[in-house]
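If you want the building blocks of each chain, they are given just below.
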Amino acid sequence: MRIVVLTGAGISAESGVPTFRDAGGLWEGHQVEDVATPEAFAAQPHVVHSFYDARRAALRDVAPNDAHRALARLEAAVGDDLLVVTQNVDDLHERSGSRRVVHMHGELRAARCLACGVRQPWLDPLSHLPPCPRCGAAALRPDVVWFGEVPYDMDRIEEALGEADLFVSIGTSGAVYPAAGSVRLAAAYGARTLELNLEPSVGSSMFDEARQGPATRLVPAWVAEVLSGP
Ligand code: BJW
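Residues numbered from 1 in each chain as written. Predicted model: local features only at pLDDT ≥ 70, side-chain atom pairs only at ≥ 80, totals over all residues. Heavy atoms only, no water.

**So, the sheet that holds strand β9 (residues 209–212)**
Here we have six strands laid out as an open sheet, ordered β3-β2-β1-β7-β8-β9, and parallel in their pairing. Bordering the open sheet on either side are β3 (101–103) and β9, each of which pairs with just one other strand. Ignoring which end each strand starts from, the neighbouring axes of this sheet average 15° apart. Two elements, strand β8 (residues 192–197) and β9, share four bridges in a ladder whose sense is parallel. Across the sheet, Asn-197 pairs through a bridge with Gln-212, a residue of β9. In the packing of helix α7 (residues 154–163) onto the sheet, contacts are made with β1 (3–7), β2 (82–86), β3 and β7 (166–170), and the angle to β2 comes to roughly 135°. (Pairing = 2+ DSSP bridges. Helix = DSSP H or I, 4+ residues; strand = E, 2+ residues; numbered from the N terminus. Axes fitted to C-alpha atoms, helices over the stretch in contact; angles between N-to-C directions. Contact = heavy atoms within 4.5 Å.)

In structure tokens, the structure reads:
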């Protein structure tokens, strides 16, 4: 059985990474347009860099939770039959042992040079405008996907959705496209669809089944079901 899992901020919430749209979420005190558009970056690079520098630094204080670990166990059991597509820019899937992970909205621990285009791992702050190690230009930006930009690896994601028998969406509000359109695409290609979320998402009714609860409870339980067979 081929499985595509789409994850969002909710899967990392119990690790202590704030979500975007819940009360107390990441954007409190920050309008999303202030920090997550190319226009905002052009107008106020220091504000945007500081926001991402703080979040990159905060990754040092968080760890994967039981939901991330359950997906890593699933990959260890089914190998190439699982692809995790994450909207998250944290690295908690990788730190729990998952290897087949697509970061469609980029990664906090990476930088992209606006001068030479090179994407590279980056653990340090960017707000002091360090030179690009490749070309020397002071033109590095966080390697994340902002509103109005095309998410990464869309061809690979669409191909995986086309081959999936099961599509599972975990911890995402369904407010941001094209990720939010994955359920319709997967269903159109013939996959069964399942939502695991704290509460019904915007697109909950599009799923064949929706379960509500915290990811650290729902995901290990679902993985145990899959591994115990039909
Ligand atoms: C728990 C829990 C627990 C809490 N357990 N659950 C079609 C229609 C309308 C608009 C558009 C459209 N197509 C495109 C657009 C425009 C735009 C868009 O979608 N706008 C909307 C606001 C309407 N999209 C874009 O601009 C995208 N680009 C694009 O479309 O390019 C065109 C193109 C596409 C494809 C092919 C060719 C061309 C780019 C979108 C980029 C989004 N970027 C961000 C920032 C990334 C960097 C960063 O992190 O700072 O990505 S925005 C932000 O939202 C971030 C997230 O990945 C994304 C989704 O958020 P997520 O993960 O769903 O978090 P929340 O907080 O919203 O929800 C958390 C959920 O968890 C909640 O439901 C909770 O209940 C739940 N939860 N605790 C389980 N313990």
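Having seen the structure, we can now continue with the description.
**Observations regarding the sheet that holds strand β4 (residues 106–113)**
Pairing within the open sheet is antiparallel, and its three strands lie in the order β5-β4-β6. Unpaired on one side and paired on the other, β5 (119–121) and β6 (140–144) mark the two borders of the sheet. Neighbour to neighbour, the strand axes of the sheet diverge by 45° on average, direction disregarded. Sheet topology places β4 next to β5; three bridges connect them, and they run antiparallel. Its bridge partner lying in β5, Arg-112 is registered against Arg-119.

**Re the site of the ligand**
Neighbouring the ligand are 35 residues; Tyr-52, Arg-55, Glu-149, Thr-172 and Ser-173 lie closest to it. Within the side chain of Glu-14, one N or O atom sits 2.9 Å away from a nitrogen atom of the ligand. Here an oxygen atom of the ligand sits 2.6 Å away from a polar atom, N or O, in the side chain of Ser-173. The fraction of the free accessible surface of the ligand (1,500 Å²) that becomes covered by protein chains is 77%. When residues of the shell around the ligand are traced back to their parent elements, those giving at least two are α1 (9–13) and α4 (45–58). Formed jointly, the shell around the ligand draws a minimum of three residues from each of two domains, domain 1 (1–17 + 64–105 + 151–230) and domain 2 (19–61 + 106–144). (Near = heavy atom within 4 Å. Polar contact = N/O pair within 3.5 Å; in protein donor to acceptor, adjacent residues only side chain to side chain. Areas by Shrake-Rupley, 256 points an atom, 1.4 Å probe, with all protein chains shown as cover. Domains from an automatic or database assignment.)

**Some thoughts on the pattern of salt bridges**
Under the counting rule described, the total for this entry stands at 13 salt bridges. When the shortest N-O distance is used, the salt bridge between Arg-2 and Asp-81 registers 4.0 Å. Placement of the pair is Arg-2 in the segment before β1 and Asp-81 in the loop between α5 (66–78) and β2, with a sequence separation of 79 residues. For Asp-80, the salt bridge identified is with Arg-100, shortest N-O distance 3.8 Å. Of this pair, Asp-80 sits in the loop between α5 and β2 while Arg-100 is found in the loop between α6 (92–96) and β3, placing the two residues 20 residues apart along the sequence. In the salt-bridge network here, residues are joined through shared partners; they are Arg-192, Glu-209, Arg-211 and Glu-225. (Salt bridge = Lys/Arg side-chain N within 4 Å of Asp/Glu carboxyl O.)

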